[in-house]
Amino acid sequence: MADQRGGAAESERAPGYEQARDELLEVVRRLENGGTTLEESLALWERGEELAKVCQRWLDGARARLDAALAAEEPAGE
């Protein structure tokens, strides 16, 4: 999956799907609760954007794998 996340260096930094999703949920919760400074809110929003992209890459990769598996099962004539 590292190739879909921009190479080995990024894959070492990028969290797995579940970790990114859980952290994203925490970011959203903190933003919705308020009580943070503008600077903290901006940093949370930026982190949330990064995490959303990580999640989307994982989901896109999973979709590609499912599509490939389904295509491999189809008879050649269809």
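In short, a report on the structure. (Residues numbered from 1 in each chain as written. Predicted model: local features only at pLDDT ≥ 70, side-chain atom pairs only at ≥ 80, totals over all residues. Heavy atoms only, no water.)

**Let's talk about the overall build of the protein chain**
Thought 1: When you go through the protein chain residue by residue, the secondary structure sums to three helices and zero strands.
Thought 2: Ordered by position in the sequence, the α and β elements of the protein chain form the string α-α-α.
Thought 3: Relative to its full complement of 78 residues, the protein chain shows a buried share of 17%.
Thought 4: A sequence separation of at least 24 residues applies to 68% of the contacts in the protein chain between residues at least 6 apart.
Thought 5: Of the roughly 5,900 Å² that the protein chain leaves accessible, carbon and sulfur atoms contribute 52%. (Helix = DSSP H or I, 4+ residues; strand = E, 2+ residues; numbered from the N terminus. Buried < 20%, exposed > 50% of the residue type's maximum accessible area, 1.4 Å probe, protein only. Contact = heavy atoms within 4.5 Å. Areas by Shrake-Rupley, 256 points an atom, 1.4 Å probe, with all protein chains shown as cover.)

**Focus: the pattern of salt bridges**
Thought 1: Tallying each qualifying case throughout the model produces five salt bridges.
Thought 2: For arginine 29, the salt bridge is made with glutamate 26, and the minimal N-O distance between the two is 2.4 Å. Pair noted here: arginine 29 and glutamate 26 are both in helix α2 (residues 17–33), with a separation of three residues, about one helical turn.
Thought 3: Linking arginine 63 and aspartate 67 is a salt bridge whose minimum nitrogen-to-oxygen distance equals 3.5 Å. Note that arginine 63 and aspartate 67 are positioned in helix α3 (residues 38–73) at a spacing of four residues, about one turn of the helix.
Thought 4: Judged by relative accessible area, arginine 63 falls into the partly exposed class, the value being 49%.
Thought 5: By relative accessible area, aspartate 67 is classed as partly exposed at 39%. (Salt bridge = Lys/Arg side-chain N within 4 Å of Asp/Glu carboxyl O.)

**Thoughts on the nonpolar core**
Thought 1: Counting six residues, the largest nonpolar core consists of Ala20, Val27, Leu44, Leu51, Val54 and Cys55.
Thought 2: At the level of elements, α2 and α3 are the ones that each hand at least two residues to this core.
Thought 3: Among the elements that line this core, the one with the most residues is α3, at four residues. (Core = buried A, V, L, I, M, F, W, Y, C linked by side-chain atoms within 4.5 Å.)

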